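Analysis of the macromolecular model
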Amino acid sequence: MNTGSYIVKNVGMHIKLNDFALFLFFNRKLECRLMDILMLLFTFLGSLPFTVALSAGVLLFNIPALSNLGATMVATIIIGQLCVQAVKRLVNRPRPYTVSAQAHPKNPPSCAYSFPSGHTCAAFCIALTLAQCIPSLAFPAYTVASLVGVSRVYMGLHYPSDVLCGYAVAYLAYWLQTIV
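So, here is what we can say about the structure in this document. (Residues numbered from 1 in each chain as written. Predicted model: local features only at pLDDT ≥ 70, side-chain atom pairs only at ≥ 80, totals over all residues. Heavy atoms only, no water.)

1. Quick word on the side chain of serine 114
Here serine 114 is to be found in the loop between helix H5 (96–99) and helix H6 (118–133). Judged by its relative accessible area of 0%, serine 114 falls in the buried class. Here serine 114 is in contact with Lys88, Arg93, Pro94, Arg95, Pro96, Leu157, His158, Tyr159 and Asp162, once residues within four sequence places are set aside. (Helix = DSSP H or I, 4+ residues; strand = E, 2+ residues; numbered from the N terminus. Buried < 20%, exposed > 50% of the residue type's maximum accessible area, 1.4 Å probe, protein only. Contact = heavy atoms within 4.5 Å.)

2. Structural notes on the packing of aromatic side chains
Two measures describe an aromatic ring pair: the distance that separates the ring centres and the angle between the ring planes. Counted according to the given criterion, the structure contains seven aromatic pairs. Measuring from centroid to centroid gives 5.4 Å for phenylalanine 25 and phenylalanine 26, while their planes differ by 80 degrees, and the two rings are edge-to-face. Ring-pair connections join several aromatic residues into one group, and the members of that group are Phe124, Tyr142, Tyr167 and Tyr171. Taking NZ or CZ as reference, lysine 106 lies 4.9 Å from the ring centre of tyrosine 154, over its face. (Phe/Tyr/Trp six-rings, centres within 6.5 Å; stacked < 30°, edge-to-face > 60°. Lys NZ or Arg CZ within 6 Å of the ring centre and 35° of its normal.)

3. Re the pattern of salt bridges
A full pass over the atoms with the stated rule returns three salt bridges. As a salt-bridge pair, aspartate 19 and arginine 93 come within 3.1 Å of each other at their nearest N and O atoms. You can see aspartate 19 sitting in helix H1 (residues 3–29) and its partner arginine 93 sitting in the loop between helix H4 (64–91) and H5, a full 74 residues away along the chain. The residue glutamate 31 makes a salt bridge to lysine 106 at a minimum N-O spacing of 2.9 Å. Note that glutamate 31 is positioned in the loop between H1 and helix H2 (33–45) and lysine 106 in the loop between H5 and H6, a separation of 75 residues in sequence. Classification of glutamate 31 by relative accessible area gives partly exposed; the value is 32%. (Salt bridge = Lys/Arg side-chain N within 4 Å of Asp/Glu carboxyl O.)

4. Overview of unusual backbone geometry
Look at the link from phenylalanine 115 to proline 116: it is a cis peptide, with omega at -5 degrees. Despite not being glycine, asparagine 92 has its phi angle at roughly 55 degrees, a positive value. For asparagine 92, the position within the fold is in the loop between H4 and H5. Judged by its relative accessible area of 40%, asparagine 92 is partly exposed. A positive phi angle, near 55 degrees, is found at asparagine 107, a position not held by glycine.

Below, the structure written as structure tokens:
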């Protein structure tokens, strides 16, 4: 084995082990009834029904100052979710609770694929759009979107790397909707 492939293999294994260790920290070490309730709430805020309803609602209110915001949200979410679904099927990464008995899943979804996090992508699609259109909402929007990502790991449904990729897909979707 050449040195380059040895290094790549070891770095990949190191990332995978740390990803799982961080997953277990959020999923097992922080587990309590209050966190169960809070994380369920944040997961809901990143759900496709909620984010689509929010963006469609902003679009349909027909307030001139908000019409661009609603249209941008809708476009970003559509692009983001199309990318998420394509990557999920290309990568086929199983959810953590299906490969480890150490995981404690809460409300497992019907989708078997973990990578990337669609909830995180949807939440950051909203946050990126809000931050651009209404800068005073940037901090709360990014905070809520980040907590959506944390909730997905806490609930045992995603690895931290799934969440990071969900954010990256949202950023790509936001950028793509600006050039389309």
